[in-house]
Amino acid sequence: MNREIIDINDYTILLEEASTNTTLVDSCFFDEPVIAIAFYGAGDVGLNVKYNEKTKTFHHTKGMVLSFYADEKVEFEHLVSSQKPLQCLVIATSLRNLDKLPNGEGQFLEQFLHQLVHPKDHYVEGPVFKMSPEMFLLVEQFFSNTYEGGIKMMFYKSHMTALLSHYFGQLASQQSTKINVEQLEKINLAQEILLSDLENPPSLTELAHKIGTNTNTLKKEFKAQFGVPVFKYLQNERLNKAHNLIKKERTTIQEAAWAVGYDSLGSFSNAFEKKFGYRPSQV
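Owing to the predicted nature of the structure, the values given are computational and were not obtained by experimental measurement.

Engineer: Got a sec to walk through the nonpolar core? Specific residues and values, please.
Structural biologist: Membership of the largest hydrophobic core comes to 36 residues, with the highest contact counts inside it found for Phe39, Leu89, Phe142, Leu163 and Tyr167. Looking at this core element by element, the count peaks at eight residues for helix α4 (residues 149-176). Not counting residues up to four positions away in its chain, the partners in contact with Leu163 are Phe39, Leu89, Ile91, Met135, Leu138, Val139 and Phe142. Phe30, Met64, Val80 and Ala92 belong to the second-largest nonpolar core, a separate cluster that totals 25 residues.

The structure is reproduced here in structure tokens:
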């Protein structure tokens, strides 16, 4: 478990990374009531949010943005496994600091996350959506930077501002377009179904039937939510899992190909090279 805490401009940035060959449960609490935005990167850890004898569960967190208000009684439980490592960036501020935030960000919190600024429970959840490619890249850069000292702090400050700008920009875009919550839940269910069986995924028709919609709506809404067509998304997830199997689990290339549904080793190697820029034998 790697955990880094950085205080910048009345914000606290929390960077957490964890991987394991078995299973690991990582629990954390906040010392005081906060408004926070959690960005989940390349890992796909499970998450349980526990409060008032309630539990909110997220099975797939890769690329997710979760905004929330939480006080000291809320427990955030990450379920880490060999297939689901943790990579999470949290930007948090306390309610008492809202008026001190730079660049008018306190006003943006009031405008876009009103229910968090005026909470009515120990835990209040704000918008949950998938990161844009720009946001995902910024989050990756937080975890891969190698700067030290003052340059490192400058890097964190500039990237935090850029990440928040993209975040509030996405919220503004969502407000200008009426969000069909029921449709969004169906598309997120489609994602869960795909990820639950990468080796033998359903056809488009079967997947649409499982979530209660038609194939045209599935294709349109899935691409709008995740930025790529359904089976491009499936291919990317298959190859990511195969890369992890070869690198971390030390499986053979043939075993990795079979594990994610490729019958042809040649097709697997070609797709792998196209995505990562090198052959699986070079991992």
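Past the structure itself, the notes keep going.
Engineer: For the sheet that holds strand β8 (residues 75-81), give the residues involved together with the corresponding values.
Structural biologist: Ordered by their spatial adjacency, four strands build an open sheet running β3-β8-β5-β6, and the pairing between neighbours is antiparallel. Edge positions in the sheet fall to β3 (23-28) and β6 (54-58), since each has one partner strand and no second. Shown here is a sheet whose adjacent strand axes are inclined to one another by a mean of 20°, direction ignored. In the sheet, strand β5 (residues 46-51) pairs with β6 via five bridges, with the strands oriented antiparallel. By the bridge assignment for β6, Tyr51 is matched with Lys54.

Engineer: An account of the pairing of strand β7 (residues 64-70) is needed here, citing residue identities and associated values.
Structural biologist: When you tally the buried positions in β7, you get seven out of seven residues, the bulk of the element. Side chains Met64, Leu66, Phe68 and Ala70 of β7 all project onto a buried face; the interleaved residues Val65, Ser67 and Tyr69 project onto the opposite face, where all are buried too. Relative to β7, strand β4 (residues 34-40) runs antiparallel, the two being bridged by six bridges. Residue pairing for β7: Ile37 is matched across the bridge by Ser67. Bridge count between β7 and strand β10 (residues 123-130): six bridges; the pairing is antiparallel. Following the sheet pairing, Leu66 is matched in β10 by Val128.

Engineer: How would you summarise the pattern of salt bridges if you had to cite specific residues and measurements?
Structural biologist: For the structure on display, the rule yields nine salt bridges. Glu237 is the salt-bridge partner of Lys62, the closest N and O atoms lying 3.5 Å from each other. Taken together, the residues Lys62 in the loop between β6 and β7 and Glu237 in helix α8 (residues 230-247) connect sequence positions 175 residues apart. Lys62 gets classed as partly exposed once you look at its relative accessible area, which sits at 22%. Where salt bridges share partners, they join Arg3, Glu16 and Asp26 into one cluster.

Engineer: Talk me through the packing of aromatic side chains; I want residue IDs and the actual numbers.
Structural biologist: With the rule as written, the count across this model stands at 22 aromatic pairs. Taking 5.6 Å as the distance between ring centres and 55° as the angle between the ring planes, the aromatic pair formed by Tyr147 and Phe155 counts as tilted. Of the residues examined, Tyr147 reaches a relative accessible area of 42% and is grouped as partly exposed. For Phe155, a relative accessible area of 13% corresponds to the buried category. On the numbers, 6.2 Å between centres and 65° between planes, the contact of Phe272 with Tyr278 is edge-to-face. Taking relative accessible area as the criterion, Phe272 reaches 0% and is therefore assigned buried. A relative accessible area of 27% means that Tyr278 is categorised as partly exposed.

Engineer: I'd love a proper account of the side chain of Glu237, names of residues and values included.
Structural biologist: Since its relative accessible area comes to 13%, Glu237 is described here as buried. Not counting chain neighbours up to four residues away, the residues in contact with Glu237 comprise Lys62, Leu195 and Leu198.

Engineer: Give a description of helix α3 (residues 133-144) that names residues and reports values.
Structural biologist: Given a rise of 1.5 Å per residue, twelve residues ought to cover 16 Å, and the 16 Å separating the end C-alpha atoms of α3 matches this to within 8%. Where α3 is concerned, the buried positions are Met135, Phe136, Leu138, Val139, Phe142 and Phe143. End-on view of α3: buried residues confined to an arc of 160°, all on one side of the axis. Turned more than 90 degrees away from the buried face of α3, the exposed residues are Pro133 and Ser144.

Engineer: How would you sum up the environment of Arg238? Please name residues and give values.
Structural biologist: For Arg238, the position within the fold is in helix α8. Of the residues examined, Arg238 reaches a relative accessible area of 15% and is grouped as buried. Separated by 23 residues in the primary sequence, Arg238 and Gly261 place their C-alpha atoms 7.9 Å from one another. Excluding its chain neighbours within four sequence positions, the residues that come into contact with Arg238 are Leu198, Glu199, Pro201, Val260, Gly261 and Tyr262. Within the structure, the side chain of Arg238 is placed 2.8 Å from the backbone oxygen of Val260, a separation counted as a polar contact.

Engineer: Account for the state of the cysteines, naming residues and giving values.
Structural biologist: Tallied over the entire structure, the rule returns zero disulfides. Cys28 takes part in no disulfide bond, and the closest cysteine sulfur, belonging to Cys88, lies 7.9 Å away. Overall, the relative accessible area of 13% leaves Cys28 in the buried class. Accessibility expressed as a relative area gives 1% for Cys88, which makes it buried.

How each quantity is defined
- Residues numbered from 1 in each chain as written.
- Predicted model: local features only at pLDDT ≥ 70, side-chain atom pairs only at ≥ 80, totals over all residues.
- Heavy atoms only, no water.
- Core = buried A, V, L, I, M, F, W, Y, C linked by side-chain atoms within 4.5 Å.
- Buried < 20%, exposed > 50% of the residue type's maximum accessible area, 1.4 Å probe, protein only.
- Helix = DSSP H or I, 4+ residues; strand = E, 2+ residues; numbered from the N terminus.
- Contact = heavy atoms within 4.5 Å.
- Pairing = 2+ DSSP bridges.
- Axes fitted to C-alpha atoms, helices over the stretch in contact; angles between N-to-C directions.
- Salt bridge = Lys/Arg side-chain N within 4 Å of Asp/Glu carboxyl O.
- Phe/Tyr/Trp six-rings, centres within 6.5 Å; stacked < 30°, edge-to-face > 60°.
- Expected span 1.5 Å × (residues − 1).
- Arc of directions from axis to C-beta.
- Polar contact = N/O pair within 3.5 Å; in protein donor to acceptor, adjacent residues only side chain to side chain.
- Disulfide = S-S within 2.5 Å.

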